[in-house]
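Structural overview for review
Listed here are the chains, written in short residue letters.
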Amino acid sequence: MPSVTYSSTRGGQKHLDFRTVVMTGLARDRGLFVPDTIPTVTKEELESWRSLSYADLSVKVISKFVQDDQVPADKLEDIIKRSCAAFRHKDVTPVVSVGGHKILELFHGPTFAFKDVALQMLGNFFE
């Protein structure tokens, strides 16, 4: 399967590979990079993912966007698992019930902020 490419939301940069996008950050036109295509997931894959941990599910999902030609599978798995290990809750971002509502808690990372969900992994990609 070919790697997903990424383009700026403002159209200034198109069809860049994952490594280039990670190292670039914001596009030159100040847009955000988004995937040019969304990989498919079969019903069978979804069903097989049902009981996975957050880290293992993250490996499966992110692997759809980041192929071996950009980050070897074993390194990608290591990056994801090290990133998840930095969180204080075993579920990384648990869903809890509060007053009859389901709430996703995004504050279990090292800085207690929602940004930890993305930035823990981003930092590990730079290593």
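Relevant structure appears above.
This report concerns the structure included in the present document. (Residues numbered from 1 in each chain as written. Predicted model: local features only at pLDDT ≥ 70, side-chain atom pairs only at ≥ 80, totals over all residues. Heavy atoms only, no water.)

1. Overview of the overall build of the protein
On a plain count of helices and strands, the protein comes out with 5 helices and 4 strands. Order of helices (α) and strands (β) in the protein, N terminus to C terminus: β-α-β-α-α-α-β-β-α. Projected onto its principal axes, the C-alpha positions of the protein cover 45 × 35 × 30 Å. Buried residues in the protein amount to 31% of all 127 residues. The long-range share in the protein, meaning contacts at least 24 apart out of those at least 6 apart in sequence, stands at 46%. (Helix = DSSP H or I, 4+ residues; strand = E, 2+ residues; numbered from the N terminus. Buried < 20%, exposed > 50% of the residue type's maximum accessible area, 1.4 Å probe, protein only. Contact = heavy atoms within 4.5 Å.)

2. Here's the deal with the pattern of salt bridges
Under the criterion given, the structure shown has 7 salt bridges. Where Arg-82 meets Asp-78, a salt bridge forms, and the shortest distance between an N and an O atom there is 2.9 Å. Taken together, the residues span about one helical turn, with Arg-82 and Asp-78 both in helix H4 (residues 73-85) at a distance of 4 residues. Its relative accessible area of 34% is what places Arg-82 among the partly exposed residues. Put simply, Glu-127 and Arg-82 hold a salt bridge, and the shortest N to O gap is 3.0 Å. Taken together, the positions of Glu-127 in the segment after helix H5 (116-126) and Arg-82 in helix H4 put the pair 45 residues apart, joining distant regions of the chain. (Salt bridge = Lys/Arg side-chain N within 4 Å of Asp/Glu carboxyl O.)

3. Let's talk about unusual backbone geometry
Phi is positive for Arg-30, close to 70 degrees, though the residue is something other than glycine. Considering the arrangement of structural elements, one finds Arg-30 in the loop between helix H1 (18-24) and strand S2 (33-35). Under the relative-accessibility criterion, Arg-30 is labelled exposed at 55%. Of note in the backbone geometry, Val-92 takes a positive phi value of approximately 65 degrees without being a glycine. Along the polypeptide, Val-92 turns up in the loop between H4 and strand S3 (95-98). In this structure Val-92 comes out as buried when scored by relative accessible area, which is 4%.

4. Quick notes on the packing of helix H3 (residues 54-65) against H4
Closest axis-to-axis distance for the H3/H4 pair is 9 Å, and the angle between their directions is 140 degrees. With respect to their mutual orientation, H3 and H4 come out oblique. Our pair here, H3 against H4, has a crossing hand that is right-handed. Here Tyr-54, Ala-55, Asp-56, Ser-58, Val-59, Ile-62 and Ser-63 of H3 come into contact with H4, specifically with Leu-76, Glu-77, Ile-80, Lys-81 and Cys-84. Looking at the contact of H3 with H4, its residues break down into 7 nonpolar, 2 polar and 3 charged. (Axes fitted to C-alpha atoms, helices over the stretch in contact; angles between N-to-C directions. Parallel < 35°, antiparallel > 145°, perpendicular 65-115°, else oblique. Left-handed = near helix turned anticlockwise from the far one by under 90°. Nonpolar A, V, L, I, M, F, W, Y, C, P; charged D, E, K, R; others polar.)

5. Focus: the packing of aromatic side chains
The full count for this structure, using the stated rule, is 2 aromatic pairs. An angle of 55 degrees between the planes, with centres 6.3 Å apart, marks the rings of Tyr-6 and Phe-18 as tilted. Of this pair, Tyr-6 sits in strand S1 (residues 6-8) while Phe-18 sits in helix H1, and the two are 12 residues apart along the sequence. Residue classification places Tyr-6 among the buried residues on the basis of a relative accessible area of 8%. Taken together, Tyr-6, Phe-18 and Phe-125 form an aromatic cluster joined through their ring pairs. (Phe/Tyr/Trp six-rings, centres within 6.5 Å; stacked < 30°, edge-to-face > 60°.)

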